[in-house]
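# Architecture at a glance
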Amino acid sequence: MQQVLEKIEKGLAALEKVMSFFVIVAIVVMSLSVIISVFTRNMDIPITWLEELARYMQVWFVCLGSGLAFRHNNLPGIEFFRDLLPPKIRQFVISLGKVIMVYFLWQLVAHGKVLFDHVVRTGQISANLRIPMGWVYAGPLVGFSLMTLFIIVSILRDFFPVQAVKEGK
Amino acid sequence: MALIVIAVFVLALLIGLPMFIVLGLTCLAYFLLNDISPLMIVQRMFVGLDGFVTMAVPLFILAGNLMNTGGALDRLVKFANVVVGHVRGGLAQVNVLGSMFFAGISGAATADVAALGPLEVKAMTDSGYEKDFATALTVASATLGPLIPPSLHMVIYGVTVSQSIGALFMAGVVPGILLGLAMMVQVDYFAKKYNFPKGSRPSLKLLAKEFIRAIGPLGLPAIIVLGIFTGFFTPTEAAAMACLYAFIIGKFVYKELTWRNLPKVFLDTGIICAGSMLIVAISNCFSWVIAIENIPQIVTEFLLSITSNKYILLLLINIGLLILGCFMEGVSAIIITAPILVPAVMALGVDPIHFGLIMNLNITLGLLTPPMGLSLFIASSFTKLPVTRIARKTMPFFLMMVGLLLIFTFVPEITMFLPNLLTK
């Protein structure tokens, strides 16, 4: 199990790099779109699709960034009461919490899929960019699926901690 | 049924789940119990993520990060040093003034502690200040961050209760400056009492030189405020222009931003923002549930049943928010309480812009109080001082700020003077 986990984690590290790349691109495009729209609007050549582009980039960067935020422990919550628990129970509560997160995210993914299928089937096109809305609704679907994946691997890690490597061999 | 939903909320909160999961589970429980499809959650979250006004949050954070990496920090501190460094307790005054300057490029108190803190504490302890005091002052002065524009708390509040973010920014200006000045007076008192060291008086030439060096970051809040004030751009656009401005200064004037360190600035911003933006997105669903269930009205009636005296109620709300701030970080606290409390205080005739400042300052003060004061923990992580020791030393400043909070609460004119100019 240890070796399998290590391989999975190598894969996740590579995945993380790809996600980081797209987060950076999305933020750059988002900022530039808003900046350019300020200039064009004040020069009386409003480009209506710029605002839309910025908004869609925001959808994508937050969804992709959510998995990264989990990995970097950057999801704010109230940990004070949990940390008052004795170590063994606390570890159990932390793992339980991750299972609950997987349950909730799975709900988001499952219903996100329904929504995604709906906009693809009806062939919805965005108002200004004229792109299929499926590209936008895919954001939550992809982002939350990846986040779920990260959490599942982290739960496995709770059960097979790194220190046990030698015993496993 | 309502009890089950509340129980889910409280349990999820207590076991330390991320805030967006807590709010999400609460909505999910509500929908399942009421036979509403959970599809609503995804739909409303999407609307939240797809918002143009909320974009001010990531853009302001990006602008602050670009400024920091671009070398603004060092220049702001140096300028503060030539302005007040030569008086008794000079470096302590630099700490406060530096935070006021920094508040103009960053919208969050914790960013102030993390970025300026190590620098300020080292400078102060090197010249003979007690480390406890230096750390406590750093934590206390960071409170100015969310008051002086730009302010993330104000953006979140404005988005949550649909109020003008421009007016909210304006509302923070006078209280922010007053709070800073009051802190400087307090520092001066300590400086004379404990005979703090003082630096040498700089020449006028040096003063001018450092001012010119720091003029870039110093000018940013002015550009934001004036831009919104004149209607040249919206808050989101102001945030984007702040990014452009920070980029140009960091890249071409100070030349400390390089193509190599830029990707990291963007990525760090993305990761930090994703956490907060998820809360903002899910709040779109949460506040819908609150509105459907008529909770604001129930709370209003409950509050009015205690007393119909506006001042007593505001005092009670202040106490409640201060306690909440001890446990919950700002974005979540505002998102949960603003939609419930704002209709109640509006029924009492309190201006929602004025209340935005009250709520913001309250929640920010929570950063200084154990057990959950985030600023204390950040400061403790780099000074290696126990949180309780820093908190004890912060007390005099905390009490002064609570006093000012009460004055701001009961004298709305201090806060409303600038926003009123905006609307006239």
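Residues numbered from 1 in each chain as written. Chains lettered and ligands numbered in written order. Predicted model: local features only at pLDDT ≥ 70, side-chain atom pairs only at ≥ 80, totals over all residues. Heavy atoms only, no water.

### So, the packing of aromatic side chains
Aromatic ring pairs are defined here through the distance separating the ring centres and the angle between the ring planes. Using the following cut-off: Within 6.5 Å between ring centres, the rings of Phe, Tyr and Trp (the latter by its six-membered ring) count as paired, and their orientation is classed by plane angle as stacked under 30 degrees, edge-to-face over 60, tilted in between. Strands here mean DSSP runs of E at least two residues long; helices mean DSSP runs of H or I at least four residues long; both are numbered from the N terminus. Any residue under 20% of the maximum accessible area for its type is buried, any over 50% is exposed, and the rest in between are partly exposed; the area is computed with a 1.4 Å probe on protein chains only. For a Lys NZ or an Arg CZ to count as sitting over a ring, it must be within 6 Å of the ring centre and within 35 degrees of the ring normal.
Taken as a whole, this structure holds 24 aromatic pairs over all chains when the rule is applied. Note on Phe81 of chain A and Phe327 of chain B: the rings are 5.4 Å apart at their centroids and 15° apart in plane angle, and the pair reads as stacked. You can see Phe81 of chain A sitting in the loop between α2 (49–71) and α3 (87–121) and its partner Phe327 of chain B sitting in helix α15 (residues 310–327), one on each of two chains. Taking the centre distance of 6.1 Å and the plane angle of 50° together, the rings of Phe247 of chain B and Trp259 of chain B count as tilted. With Phe247 of chain B in helix α12 (residues 235–253) and Trp259 of chain B in the loop between α12 and α13 (262–292), the pair connects residues that are 12 residues apart, well separated along the chain. What makes Trp259 of chain B exposed here is its relative accessible area of 61%. Every member of this aromatic cluster is reached through a ring pair, and the members are Tyr129, Phe133, Tyr189, Phe190, Tyr194, Phe196 and Phe397 of chain B. A cation sits over an aromatic face here: Arg75 of chain B above Tyr254 of chain B, 3.6 Å from the ring centre. Lying over the aromatic face of Phe252 of chain B, Lys251 of chain B brings its terminal NZ or CZ to 5.7 Å of the ring centre.

### Quick notes on the environment of Tyr189 of chain B
Along the polypeptide, Tyr189 of chain B turns up in helix α10 (residues 165–194). For the pair Tyr189 of chain B and Thr138 of chain B, spaced 51 residues apart in sequence, the C-alpha to C-alpha distance is 17 Å.

### Some words on empty space enclosed by the protein
To keep it simple, the criterion reads: The distinction between a cavity and a pocket rests on a 1 Å grid over the protein atoms alone: a 1.4 Å probe fits inside a cavity but cannot get out, while a pocket stays open yet meets protein on both sides within 12 Å along at least five of seven lines, and a residue with an atom within 4 Å of a point counts as lining. Grid points are joined across faces, edges and corners, and a volume is the space filled by probe spheres set on the points. Just so you know the grouping, Ala, Val, Leu, Ile, Met, Phe, Trp, Tyr, Cys and Pro go in nonpolar, Asp, Glu, Lys and Arg go in charged, and all remaining residues, Gly too, go in polar.
Inspection of the entire model under this criterion finds 1 cavity of 30 Å³ or more. Considering only enclosed or pocket space, the largest cavity measures out at about 30 Å³ in volume. When residues of the lining of the largest cavity are traced back to their parent elements, those giving at least two are α3 of chain A together with α3 (39–49) of chain B. Sorting elements by how many residues they give to the lining of the largest cavity places α3 of chain A first, with 4 residues. Here the residues of the lining of the largest cavity sort into 6 nonpolar, 2 polar and no charged.

### With respect to the interface of chain A and chain B
Let me state the cut-off plainly: A contact between two residues is defined here by any heavy atoms of the two lying within 4.5 Å. Buried area: the accessible surface (1.4 Å probe) lost by two parts on joining, summed over both. Every case where a carboxyl oxygen of Asp or Glu lies within 4 Å of a side-chain nitrogen of Lys or Arg is listed as a salt bridge. Pairing of N or O atoms within 3.5 Å defines a polar contact, subject to two protein rules: one partner must be a possible hydrogen donor and the other a possible acceptor, and residues neighboring in sequence count only if both atoms are side-chain atoms.
Contact residues are listed per partner, giving 55 residues for chain A and 56 residues for chain B. Both faces combined, the contact of chain A with chain B buries some 4900 Å², and carbon together with sulfur accounts for 82% of it. For the pair chain A and chain B, the number of links is 2 salt bridges. Between Glu237 of chain B and Arg41 of chain A there is a salt bridge, and its shortest N-O distance comes to 2.7 Å. Taken together, chain A and chain B are joined by 6 residue pairs in polar contact (both at pLDDT 80 or more). Those elements giving two or more residues to the side of chain A that touches chain B turn out to be α1 (2–42), α2, α3 and α4 (134–159) of chain A. Partitioning the side of chain A that touches chain B into residue classes produces 36 nonpolar, 14 polar and 5 charged.

### A closer look at the layout of surface pockets
Here the largest pocket is characterised by a volume of approximately 1200 Å³. What lines the largest pocket is a set of 39 residues, and nearest its centre among them are Asn74 of chain A together with Thr110, Ile272, Leu374 and Ile378 of chain B. Broken down by secondary-structure element, the contributors of at least two residues to the lining of the largest pocket are α4 (56–69), α7 (109–126), α9 (152–161), α13, α16 (330–347) and α18 (374–383) of chain B. Looking at the lining of the largest pocket residue by residue, the classes come out as 23 nonpolar, 13 polar and 3 charged. The space that makes up the second largest pocket amounts to roughly 610 Å³. As for the second largest pocket, its lining consists of 24 residues, and the residues nearest its centre are Ile6, Phe9, Thr26, Phe286 and Ile295 of chain B.

### A few points about a nonpolar patch on the surface
Residue and element names in this part refer to chain B. Counted only if it meets this: The patch calculation keeps residues exceeding 30% relative accessible area without a salt bridge and links them within 9 Å when they carry like charges or within 5 Å when they are nonpolar (Val, Leu, Ile, Met, Phe, Trp, Tyr). With residues, only the protein chains shown are counted as cover, and all accessible areas are computed by Shrake-Rupley using a 1.4 Å probe.
Nonpolar side chains collect at one region of the surface, where Phe302, Ile306, Ile312, Leu315, Leu316, Ile319 and Ile323 lie side by side and expose about 630 Å² of accessible area between them. Looking at the nonpolar patch, the elements with two or more residues in it are α14 (295–306) and α15. Broken down by element, the residue count for the nonpolar patch peaks at 5 residues, all from α15. Note that Leu316 resides in helix α15.

### Considering the pattern of salt bridges
Counted according to the given criterion, the structure contains 16 salt bridges over all chains. Taking the shortest distance from any N to any O, the salt bridge between Arg55 of chain A and Glu51 of chain A comes out at 3.4 Å. With Arg55 of chain A and Glu51 of chain A both in helix α2 and 4 residues apart, the pair spans about one turn of that helix. Looking at Arg55 of chain A, the relative accessible area reads 15%, which means it is buried. By relative accessible area, Glu51 of chain A is classed as partly exposed at 36%. Here Lys393 of chain B makes a salt bridge to Glu130 of chain B, at a shortest N to O gap of 3.5 Å. Of this pair, Lys393 of chain B sits in helix α19 (residues 387–410) while Glu130 of chain B sits in the loop between α7 and α8 (131–141); the two residues are 263 residues apart in sequence, bridging distant segments of the chain.

### Points about the nonpolar core
Convention followed: Residues enter a nonpolar core if they are buried and are Ala, Val, Leu, Ile, Met, Phe, Trp, Tyr or Cys, with the set joined through side-chain atoms within 4.5 Å.
Formed by 206 residues in total, the largest nonpolar core has its most connected members in Phe20 and Phe355 of chain B. Looking at this core, the element that brings in the most residues is α13 of chain B, giving 17 residues.

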